[in-house]
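Fold and geometry: a report
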Amino acid sequence: MLRKFFHLLNKDLEEGNKIANQGLSNLKNKKVITIGDKTLKIDRKIAEGGFADIFRVNDQAKFSDSMPYALKRMWVAKPERKKGNLLEDASEVDSVRTAFNQEVKILKQFPDCPNLVKMAAFQEFEKRDGSEVFILLEYCPHSTLFQLIEEHCKAGLKGITNEKDLYKIINDIANGLRVLHSKNVSHRDIKIENVLIGTDQNWKICDFGSCTDQQIVARGQDLDEAFIEISKMTTMIYRAPEQLDQYKGCDISTKVDIWALGCVMFTLMFQRPPFEDGMKLAQINGKYNLPAQPSYSPACISLVKKMLQVDPNNRPTA
Ligand SMILES: Nc1ncnc2c1ncn2[C@@H]1O[C@H](COP(=O)(O)OP(=O)(O)OP(=O)(O)O)[C@@H](O)[C@H]1O
Ligand SMILES: [Mg+2]
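What counts, and where the lines are drawn
- Residues numbered from 1 in each chain as written.
- Chains lettered and ligands numbered in written order.
- Predicted model: local features only at pLDDT ≥ 70, side-chain atom pairs only at ≥ 80, totals over all residues.
- Near = placed C-beta within 6 Å.
- Helix = DSSP H or I, 4+ residues; strand = E, 2+ residues; numbered from the N terminus.
- Domains from an automatic or database assignment.
- Core = buried A, V, L, I, M, F, W, Y, C linked by C-beta atoms within 7 Å.
- Buried ≥ 20, exposed ≤ 12 C-beta atoms within 10 Å, placed from the backbone.
- Contact = placed C-beta atoms within 7 Å.
- Axes fitted to C-alpha atoms, helices over the stretch in contact; angles between N-to-C directions.
- Parallel < 35°, antiparallel > 145°, perpendicular 65-115°, else oblique.
- Left-handed = near helix turned anticlockwise from the far one by under 90°.

**Observations concerning the site of ligand 1**
In the vicinity of ligand 1 there are 22 residues, among which A47, G49, G50, A70 and D207 approach most closely. Going through the elements one at a time, strand 2 (38-48), strand 3 (52-59), strand 4 (69-77) and strand 8 (130-138) are the ones with two or more residues in the shell around ligand 1. Counting contributing residues per domain, the shell around ligand 1 is built from domain 1 (15-138) and domain 2 (145-314), each supplying no fewer than three.

**Remarks on the nonpolar core**
Counting 70 residues, the largest nonpolar core has I173, L261, V264 and M265 as the members making the most contacts within it. The residue makeup of this core includes at least three contributed by each of domain 1 (15-138) and domain 2 (145-314). The contacts of I173, once residues within four sequence positions are left out, are N115, I190, V195, W203, I205, L261 and V264.

**Things to note about the packing of helix 4 (residues 163-181) against helix 7 (residues 255-270)**
Closest axis-to-axis distance for the helix 4/helix 7 pair is 11 Å, and the angle between their directions is 165 degrees. As judged from the angle between their axes, helix 4 and helix 7 are roughly antiparallel. For the pair helix 4 and helix 7, the crossing hand works out as right-handed. Between helix 4 and helix 7, the residues in contact are L166, I169, I170, I173, A174 and L177 and D257, L261, V264, M265, L268 and M269, respectively.

Any link to function would need more than the numbers given here.
Spelled out as C-alpha cells, the structure:
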C-alpha cells in the first residue's frame, strides 16, 4: 500500500520537475556561489522537490566543521520562451514565480518559530531565458517525516506506535501552524515531505510557496479561479473537502491545514494515508477506513478523527 503511495508521489515529482529543471546551469560543476552576503561552497544535492532542487552548502568564511545550510534553487522561465514549437505554459511559470515570492515573504515574516524552517538569505540571478532563484535555509540534516515513515516501513514496524513520539511530531507541527494561523496565513501544503527534523530535535515545517493569507468566502462568489489556484498550489490527497467541492458553500480558511495535519497523523499511525488518488468522493465526504483494532489509545484516535471532520468549523484550531 505504502509503496504504491510513494510511487504516486514520485510520479508527481517527475512531472513537476519538467519546468523546474529547464535551463538550469549545473550546480554540481560549480564549486562556489554567492547568495546575499554569503559565499558558499557547494557540497552535494540532497533532494528534489516538485519545483526545486535542494543542495547542502557550507559557508566559506566559516570553519569546515560549522553547520552547513540547505540551498533551495528554482528556475523561473520567461513565459515567452519557446520550447520546440510550443510556448512555455505561462501559468506554470507564474506558479513558480508566485511560490518563490511567497516563500521569501513568509520566511521573512516568521523568523523566530522553532517549528518553521529559517531563512539566512535569498538571491535572484537573471539569465537570458528566465531567472535562477535561490533561498538559503537552515539545514535540517536528519530526515523528513516521509523518510521516517519509509524507515519504519522497511523495518516492518506498524507506524509510530509510541504515542509520546507521535504527539511530539503533531504538537511541533501544530505549534508552527499556530504561529502562521495567528496572522491568518494558511500553509496549504502540509504533508510528510514538508516536515523536517532540525538539529535542535524539533520538527519544522518547510516549503512556504503555497502559503496564502486569503480566506475564501464561498457565498455568492464565482469560485472557478480560486479552485484553479488551489489545484496548482496544493497536494491532492491532503486537500480538505472544502478545497475539493466548490459547490459545498464552505469558506476556505486556515482549517485546511488542520485537515492536512489529520492526514499526516493518520499516515504516521497506519503507514498509509487516509485518502489516495482517485478517492475524491470519499475525501469530500470524509470517509476513510480505520483498522478494526487500532493499537492506539482512544484519545489518539479521537484526535485524528477531530482533525478529519468534514465541516471545518468542527475541526480544532492549531
Ligand atoms: N532546510 C532543509 N534542510 C534539509 N533538507 C531540506 C530542507 N528544505 C528542503 N529539504 C528537502 O528538500 C525537499 C524539497 O524541498 P521543498 O519542499 O522546499 O521543495 P518544493 O519543490 O517546493 O517541494 P514540493 O515538491 O512540495 O513542491 C524536502 O522534502 C526535503 O527533503
Ligand atoms: Mg515540498
